[in-house]
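# Survey of secondary and tertiary structure
Chain residues, written in single-letter form:
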Amino acid sequence: MIASETLARLEFDRLLAEIARHAHSSCTVERIGNIRPMADLQEIRTTSGRIGEVRALDRSGVSLALGSFEDIRPCLELLRPAGATLAPLELLLFVPVLRLYADLARQFAYREDISLLRSIEPQPRGFPDILEPLVASIDGDGSIMDSASTLLREIRRAKRGLAGRIRKKIEEIIRDSGIEKFLQDDFITQRSGRWVIPVRMDSKGMVKGVVHDVSSSGETAFMEPLEIIPFVNELENLTAEEKAEEIRILRQLSGWIREDAEQIAACFETLLEIDRLNSMARFASEFDLEPATLNERGELRLVDARHPLLLMMQKRGVVKRVEPLGLELGGSAPDADSVMVITGPNAGGKTIALKTAGMLALMALSALPVPAGPRSTFPLFDSLLVDIGDEQSIEQSHSTFSAHAARITAIIRQGGPRTLVLLDELGAGTEPLQGAAIACGVLHELQQQGSMVIATTHLSDIIGFVHRTPGMINAGMEFDDASFTPLYRLIVGEPGQSHAVEIARRFGMPERVIAFARQMLGNAGSEFAGLLTELRQRRKEFEDLRTSLRDRERSLDQRSAELDARADQVLQIRKEAAEKGWNDAKELIAATRRRTNALLDELKREKRSEIVDQLRRVETELTEQLKPQEGRLELLPLKAVKPGDTVHIRSLGCDGAVLSFDVRSGKARVRAGRMELEVHLAELATSQAKGGRVKGKPPVASWKTDVEVSEQRELKLIGMRVDAALAELGPFIDHAQAAGLPEVRIIHGMGTGRLRDAVREELGRHPLVEGFRSGEPHEGRDGATVVALKR
């Protein structure tokens, strides 16, 4: 259990107040203010997971269906007694709440990516049998609407009609009886629910009626004419009926809510929890926080940690930059350090480092995301004990030292395993030697108890004790020796210096005072300070060397990844080239088969001997086209390569287009198929399509279908048999997709529809076809099919 005093010292309430800004209700603000660290690891992980699900929804553009609402729990308490009735404004509070129930229920119903949110019991559910009558009965200003019931609507219609008749009757009385000259004014009004006219006081005896009121000046009597009294009485009866019906409606609505009061109250608790989780998630997204990782091995590791209150100040422009904090304590290793003592200059950030560790530990135990790197981890503490601030008291005769001593004594009594202790200015407020001795004793005792300790101090005598004691480690706040300014960075393993003399000089202390102070320090102090300075310089050199080696390693890894990627590209291009060659061969064979069949048909019909010669020539041509190339390809000189050229890539065995050329490296960037890669000049040769064939080889006629990106985007199949058309269709689609065409057109004509249906059936099975449609009027209507190709 972590005490409320500890939360206050670490300013946890300020953090909760910032989170509460995102709440939609005052009762949610109260619930956020009651957030406390938890001891159950599973409960922490569940809450953290729910926050993560809300943030994942938000990143996908989906916000929880939340809006402003009021606390309905007092109204539910009022409804507990049987027959209790709520006022219209109290009933109106249920409308936004019940709407939120219904909206959240619809939002949660179909989603499978929010399993933890859907595990909240009870899940929000709609109450349409209550919400719909409420919306139809109570207006936004709390008045009961005519649509609340048929009887109420009829009563009010009758009232409006009767009021019109009364007004008309009064106007007739004034006009026909000649009493207009006795009126003080020409208006009709109401007094105490009665319809009256203003009559001069000295003429009230001239008008037959009843006086219901007198003006403040005493000069006007408000009289009800006798003739309208029956009408007004009837109007009052209707008003009484209206009031009775309104009470009945309110009693009925209240009764319906009373019947489901327990479920409504349970769902309201769920609504508060969802609003609380949403507020925590919004805060985490606002400051880009990371989910906290907890462990049960007692390890505290902070990586790039920042105090959340400083991040808020940075966002408001109060602080320019927040330096990250990194430290590591505890763990299962036998040589792990459990005590850290931070030294350094005044206003150098020691206390901020202490409070950052404490605040982030509280946030992690409260399932809140933390402002730290994903490698950070937090132990599951049972207790967090702090001594931060000056507690001197005149009433209790406490000095600074005695207040610290009393507080540390209480901490020692409560310390133990699974306890984090934060001690600020340890040993301060008394004679330095004795203060350092007491501080060392406190650190030793807490270490023996198994507590994890982070302490700050200005006493250099503690540094040696920490250095000699296993399980303890020094740390210091970095200081710029050139400008004598703090850098607010924690250096673990290296003690810091107070630099009091340098800081005093920086703030204008007289030089003679500075010189005297240095003389009083003596050689031992100067040698110690010089030793620490030299240690920092060497540490900086090692850090620079480590950074250089890390950069070199990163560069080598990047180069290795690029080579692996290039090898994958080469394999892919070779695969595509082989597939292209196989498709070309199949296309050539199909075209040859068609021509051969045509010649055979002609031979059967005419029995001409020259047809046999043509068949032999076709065989020779096919053999020549399938024969591999012989001879050596001509290498391209450097000056012959320019962007746009088509070249042969010898390592891949296919042609490609030159995209760019680097003269210094002697490399060219080429595109082969859909892949781009860099190759050396030695790998480029003259394109086979531009004269790379062996001299003396006769040109071969080709009847296969060629697809060019800029020229041919359509295939004409009109008049062909189905099998011949399909043989043309497959290679055409393959070539079009390889050429990068997004869309092509197949012209098959209308005819009987057999060819069209066969073509479209084949397109439906083709793996490279995204979809197809009939042509537009300018594309040939149903006589053509427009095909969209996959990319």
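Just so it is clear, the structure is predicted and the values come from calculations on it, not from any experiment. (Residues numbered from 1 in each chain as written. Predicted model: local features only at pLDDT ≥ 70, side-chain atom pairs only at ≥ 80, totals over all residues. Heavy atoms only, no water.)

## Remarks on the overall build of the protein chain
Within the protein chain, the secondary structure is distributed over 21 helices and 23 strands. In the protein chain, buried positions account for 42% of the 791 residues. Sequence separation of 24 or more characterises 67% of the internal contacts of the protein chain that already satisfy a separation of 6 or more. For the protein chain, the exposed surface amounts to about 42,600 Å²; the carbon and sulfur share of it is 52%. (Helix = DSSP H or I, 4+ residues; strand = E, 2+ residues; numbered from the N terminus. Buried < 20%, exposed > 50% of the residue type's maximum accessible area, 1.4 Å probe, protein only. Contact = heavy atoms within 4.5 Å. Areas by Shrake-Rupley, 256 points an atom, 1.4 Å probe, with all protein chains shown as cover.)

## Describing the sheet that holds strand β1 (residues 189-191)
The strands making up a sheet associate through hydrogen bonds between their backbones, and the pairing can be parallel or antiparallel. Spatially, the 4 strands line up as an open sheet ordered β1-β2-β4-β3, and their pairing is antiparallel. Each edge of the open sheet is held by one strand with a lone partner, namely β1 and β3 (209-214). Between one strand axis and the next, the sheet turns through 50 degrees on average, direction left out of account. Relative to strand β4 (residues 220-225), strand β2 (residues 194-200) runs antiparallel, the two being bridged by 4 bridges. Bridged to V199 within β4 is A221. Packed on one face of the sheet, helix α9 (residues 150-176) meets β2 and β4 and runs near 25 degrees to β2. Of the strands in this sheet, β2, β3 and β4 touch helix α10 (residues 229-259), which is tilted by about 140 degrees from β2. (Pairing = 2+ DSSP bridges. Axes fitted to C-alpha atoms, helices over the stretch in contact; angles between N-to-C directions.)

## Focus: the nonpolar core
Of all hydrophobic cores here, the largest spans 105 residues; its most connected members are F94, Y101 and L134. Here this core takes 12 residues from helix α11 (residues 261-286), the largest share from any one element. Discounting residues that sit within four places of it in the chain, L134 has contacts with L91, F94, V95, L98, L253 and I257. L385, L446, F465 and V466 belong to the second largest nonpolar core, which has 21 residues in total. (Core = buried A, V, L, I, M, F, W, Y, C linked by side-chain atoms within 4.5 Å.)

## Points about the pattern of salt bridges
In the structure shown here, the tally under the stated rule is 40 salt bridges. The residue R73 makes a salt bridge to E269 at a minimum N-O spacing of 3.5 Å. Of this pair, R73 sits in helix α5 (residues 73-78) while E269 is found in helix α11, placing the two residues 196 residues apart along the sequence. In this structure, E714 and R745 form a salt bridge, with 2.5 Å as the shortest nitrogen-oxygen distance. With E714 in strand β20 (residues 714-716) and R745 in strand β21 (residues 743-747), this pair connects stretches of sequence that are 31 residues apart. Using a relative accessible area of 23% as the deciding quantity, one classes R745 as partly exposed. Linked through salt bridges whose partners overlap, the residues forming this network are R31, D71, R73, E269, E273 and R276. (Salt bridge = Lys/Arg side-chain N within 4 Å of Asp/Glu carboxyl O.)

## Describing the packing of aromatic side chains
Enumeration over the complete set of coordinates arrives at 3 aromatic pairs. Ring centres of F69 and F268 lie 5.9 Å apart, and the angle between their planes is 90 degrees; on these two criteria the pair is classed as edge-to-face. Taken as a pair, F69 in the loop between α4 (41-59) and α5 and F268 in helix α11 lie far apart in primary sequence, 199 residues in all. The burial state of F69 is the same as that of F268; both residues are buried. Seen from their ring centres, F283 and F287 are 5.2 Å apart, and the 55 degrees between their planes marks the pair as tilted. Taken as a pair, F283 and F287 share a single burial class, namely buried. Between the NZ or CZ atom of R125 and the centre of the ring of F127, over which it lies, the distance is 4.0 Å. Sitting over the ring of F287, K315 keeps its end group 5.2 Å from the ring centre. (Phe/Tyr/Trp six-rings, centres within 6.5 Å; stacked < 30°, edge-to-face > 60°. Lys NZ or Arg CZ within 6 Å of the ring centre and 35° of its normal.)

## Some remarks on the pairing of strand β10 (residues 383-387)
Most of β10 sits out of view: 5 of its 5 residues are buried. Residues S383, L385 and D387 of β10 are buried on one face, and the alternating residues L384 and V386, pointing to the opposite face, are buried as well. Judged from the 5 bridges that link them, β10 and strand β11 (residues 419-423) form a sheet pairing that is parallel. What sits directly across from L384, in β11, is L420.

## Overview of the environment of T189
Tracing the sequence through the fold places T189 in strand β1. Of the residues examined, T189 reaches a relative accessible area of 19% and is grouped as buried. Apart from residues no more than four positions distant in its own chain, T189 is found in contact with R194, W195, V196 and F222.

## A look at the sheet that holds strand β23 (residues 784-789)
What the 4 strands build is an open sheet, ordered β20-β21-β23-β22; its pairing is mixed. Strands at the two margins of the open sheet, each flanked by one partner only, are β20 and β22 (769-774). For this sheet, the mean angle separating the axes of adjacent strands, direction not counted, is 20 degrees. In this structure, β21 lies alongside β23, joined through 5 bridges in antiparallel fashion. The partner of I747 across the bridge, within β23, is A784. Lying over the sheet, helix α21 (residues 754-765) contacts β21, β22 and β23, oriented at roughly 155 degrees with respect to β22.

## With respect to helix α2 (residues 12-20)
Those residues of α2 not exposed but buried are F12, L15, L16, E18, I19 and A20. Residues of α2 that are buried in the fold lie against α1 (4-9), α3 (26-33), α11, α12 (308-315) and α13 (350-365).

## Some points on the environment of A428
Position of A428 relative to the elements: it lies in the loop between β11 and α15 (432-449). What makes A428 partly exposed here is its relative accessible area of 26%.

## Observations regarding the confidence of the model for the protein chain
Scored by pLDDT, the protein chain comes out at a mean of 83, with 85% of its residues at no less than 70. The lowest-confidence element of the protein chain is helix α19 (residues 609-626), averaging 61 in pLDDT; the highest-confidence one is α11, averaging 96. Under a pLDDT of 50 for its full length, residues 628-633 has, in the predicted model, 9 contacts with residues more than four places off or in other chains. Predicted confidence for residues 690-711 stays below pLDDT 50, and this span has 35 contacts to residues more than four positions away or in other chains. (pLDDT = per-residue confidence, 0-100.)

## Things to note about unusual backbone geometry
Of note, the amide linkage connecting E121 to P122 takes the cis form, showing an omega dihedral of -5 degrees. Of note, A367 is a non-glycine position whose phi angle comes to about 70 degrees, a positive value. Counting through the fold element by element, A367 comes out in the loop between α13 and β9 (378-379). Note on A367: relative accessible area 2%, which makes it buried.

## Quick word on the side chain of T456
Its location among the elements puts T456 in strand β12 (residues 452-456). Polar side-chain contacts of T456 include one of 2.9 Å to the backbone nitrogen of E425. (Polar contact = N/O pair within 3.5 Å; in protein donor to acceptor, adjacent residues only side chain to side chain.)

## Side note on helix α16 (residues 461-468)
Where α16 is concerned, the buried positions are I462, I463, F465 and V466. For α16, the angular spread of the buried residues around the axis is 165 degrees, confining them to a single face. Turned more than 90 degrees off the buried face of α16, the exposed positions are H467 and R468. (Arc of directions from axis to C-beta.)

## Thoughts on the packing of helix α7 (residues 94-109) against helix α8 (residues 128-137)
Viewed as axis vectors pointing N to C, α7 and α8 meet at an angle of 140 degrees, and their least axial separation amounts to 10 Å. It follows from the interaxial angle that α7 and α8 lie oblique. Crossing geometry of α7 relative to α8 is assigned as left-handed. Taken together, the residues of α8 that come into contact with α7 (itself represented by F94, V95, L98 and R99) are I130, L131, L134 and V135. (Parallel < 35°, antiparallel > 145°, perpendicular 65-115°, else oblique. Left-handed = near helix turned anticlockwise from the far one by under 90°.)

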